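# Structural overview for review
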Amino acid sequence: MRNRFAALFAIALVAASSLASSAGARRQANPLTIYAAASLTEVFSSFDRAQRYNFAGSNALETQIRNGAPADVFASAAPLNTQRLFQARMVDKPVTFTSNRLVLIVPRSNPAGIHSVYDLKRKPVKLVIAGAAVPVGGYTRTVLRKMGLTSVLSKVVSQESDVKAVTGKVALGQADAGFVYATDARPVRTQVSVIRIPAWAQPRIRYEIAVVSRSSHKAAARAWVKKILSPRGQRALRNAGFLPIPKASR
Amino acid sequence: MLVVTTGVALLFLVLPIVAVFLRVPLSDLLSALGSSAALDAIRVTAETIAFAMVLILVFGTPAAYWISSRRGAVRDVVVTLVELPLVLPPAVAGIGLLVAFGRAGLLGGTVDALGIDIAFTKVAVILAVTFVASPFFVRTAVAAFEAVDPTLPAAARTLGAGPGRVFFRVMLPLAKGGLGAGAALAFARGLGEFGATIMFAGSLQGVTQTLSLAIYEQFDVDLNVALAISALLIVVSAVVLLSVKLMTRWHSGSGSLILSAPSSRQRN
């Protein structure tokens, strides 16, 4: 009995170590680990399939990097998250690489009959937004403030952890309306209708990208950031519906 | 060798639990438990799990009794169906609940017509918890009913007791240790429910945000609150597990009922 346990234990050890070394070997063979805002899911993964991605709310990614997550590059949907890490010397100097705008989406069937942002105030509605710490959640609150619609926050039925969770709940018809980036409405355009938000109410949305200080592939990471800033990278973002880098922050 | 492997395994399992308590001083944990996010989550969790447990006990007990009295293919199919949520990933449970009871789901229209509003309400949380936790109760309850010496209900029947009387006066009292253990396990699982809830019910403080969901949200807002809620759940889970051990030891002289399959008949 004792011997059999020992044998099992040895097998488990060997298996675990070979798994670990093969994972290590794969990492040597180049892919960078890119932590990116959920809204970049489609554009990043189709622009460069060779890298490994972790898409989530930028605030969650910030916390993970702060706790030592093995990221090489961090692309955030708001400057706050990159700047906080920069101040903590955990990422190199961030640069702005793209922009976006907010829209309101409703399910195609539009059960609550929402045809303008102001309908959110007039009609009973199950509104889904992202949490205040999530960039898109912050931008949503800015829009509501600018439009004098903060009372609408009382109609929020769920605060999601990233923009894709908001998109999913509306696309499934579970929620009546949700605030997402224009680029998130595109992949689900057969399931949702888009209600535009006037330009004067749009928040200043800036995406920032930075190389993680502790990355062991800093040269490759810097090259990848350059690639995103290059005409080719910018074209890919533009084609996905992202907006050019705002002039002031170039 | 055996001592070493056991030691390694034990250390691995215990370390994350101890770490939760060591990260910040205990006084910080206690004061973080007083935050509105934590207090709201405690209230939401208590309300929803109480309802879920009522549903699980009221529907699960007769179901377990029925299963325990059957043999053959029908029983196997029913047992498999009941146990399926046990092994399903919570994400599958969440998607399933959405497309079944969601507003655009299979029964969405019917539920709406009945005037019941499930989407993003506590009802959704209760459904999610009931779905994932009930197998833990039913499994254990079936084993508990089967562990009852079959000559006892038979004797009751020959003495003229009807099926209802046999169930309430003979089977329930004799199986109550196992039923209690099953209820405790379902409670513990329901307490930690996360995946199905966040997908099906969403997350809103004071309404649908249970303790597990609050940990997830507070993780990158206020780590102390996340740690405090984690510590609370560890304590509650430990108490539940201990009480299961005591209950099963007390009533059947064996603490391993938790892990036994429903077909543990051979034990008697």
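Scroll up to find the structure.
Now for a look at the structure at hand. Counting restarts for each chain: residues are numbered from 1 in the order of the written sequence. The naming scheme follows written order: chains are lettered A onward, ligands numbered 1 onward. For a predicted model such as this one, the threshold for reporting local features is a pLDDT of at least 70, and the threshold for listing and counting side-chain atom pairs is 80 or more; totals across whole chains, interfaces and linings nevertheless cover every residue.

### Overview of the interface of chain A and chain B
Quick note on the threshold: Contact between residues is assigned whenever the C-beta positions, reconstructed from backbone atoms, fall within 7 Å. Put simply, DSSP H or I for four residues or longer makes a helix, DSSP E for two residues or longer makes a strand, and each gets a number counted from the N terminus. The nonpolar class holds Ala, Val, Leu, Ile, Met, Phe, Trp, Tyr, Cys and Pro. Asp, Glu, Lys and Arg form the charged class, and all remaining residues, Gly among them, are polar.
Taken together, the contact pairs 22 residues of chain A with 18 residues of chain B. Contributing elements (two or more residues each) for the side of chain A that touches chain B: α1 (2-28), α3 (58-66) and β7 (156-160) of chain A. Ranked by residues supplied to the side of chain A that touches chain B, first place goes to β7 of chain A with five residues. Of the residues in the side of chain A that touches chain B, the class split is nine nonpolar, eight polar and five charged.

### A short note on the sheet that holds strand β10 (residues 207-211) of chain A
Residues and elements named next belong to chain A. Filter applied, for reference: In this scheme, strands are said to pair when DSSP sees at least two bridges between them. With axes taken as lines fitted to C-alpha atoms, and helix axes fitted only over the stretch in contact, angles between N-to-C directions fall between 0 and 180 degrees.
The strand order across the open sheet built from five strands is β2-β1-β3-β10-β4, with neighbouring strands paired in mixed fashion. Of all strands in the sheet, those bounded by a partner on one side alone are β2 (52-56) and β4 (95-98). With strand direction ignored, the average angle separating the axes of adjacent strands in the sheet is 25°.

### A word on helix α9 (residues 218-229) of chain A
Residue and element names in this part refer to chain A. The cut-off we apply is this: For a helix, the expected span equals 1.5 Å multiplied by the number of residues minus one. Buried means a residue has 20 or more other C-beta atoms within 10 Å of its own C-beta, exposed means 12 or fewer, and partly exposed covers the counts in between; C-beta atoms are placed from the backbone. Here, the arc refers to the directions that run from the helix axis to the C-beta atoms.
Taking 1.5 Å of rise per residue, 12 residues should cover 16 Å, and α9 covers 17 Å from first to last C-alpha, within 8% of that figure. All buried positions along α9 are accounted for by A221, W224, V225 and I228. Mapping the buried residues of α9 onto a view down its axis gives an arc of 100°, with all of them on the same face. Residues A219, A223 and K226 are exposed on α9 and point more than 90 degrees away from its buried face.

### Some points on the pairing of strand β3 (residues 73-76) of chain A
Residue and element names in this part refer to chain A. Burial of the side chains of β3 extends over both faces: V73 and A75 are buried on one face and F74 and S76 on the other. With three bridges connecting them, strand β1 (residues 33-37) and β3 associate as parallel partners. Across the sheet, the residue bridging to A36 is A75, located in β3. Pairing between β3 and β10: four bridges, direction antiparallel. Each bridged residue has a counterpart across the sheet, and for V73 the counterpart in β10 is V211.

### Quick look at the sheet that holds strand β5 (residues 102-107) of chain A
Residues and elements named next belong to chain A. A sheet is described by the order of its strands in space; here five strands give the open sequence β7-β6-β8-β5-β9, paired in mixed fashion. The outermost strands of the open sheet, each flanked by one partner alone, are β7 and β9 (192-196). Pairs of neighbouring strands in the sheet enclose a mean axial angle of 30°, with direction left out of account. Relative to β7, strand β6 (residues 127-130) runs parallel, the two being bridged by four bridges. Bridging across to β7, A130 finds its partner in E160. Across the sheet, helix α6 (residues 135-146) touches β5, β6, β7 and β8 (177-181), and the angle it forms with β6 is around 125°.

### With respect to the nonpolar core
The test is simple: Each nonpolar core consists of buried Ala, Val, Leu, Ile, Met, Phe, Trp, Tyr and Cys residues. Their C-beta atoms, within 7 Å, join them into a set.
By size, the foremost hydrophobic cluster in this structure holds 139 residues, and its most contacted members are V73, F74, L127 and A177 of chain A together with A128 and I229 of chain B. Counting residues per element, this core draws most heavily on helix α7 (residues 122-146) of chain B, which supplies 17 residues. The contacts of F74 of chain A, once residues within four sequence positions are left out, are Y35, L61, I65, T82, L85, V91, A210 and V212 of chain A.

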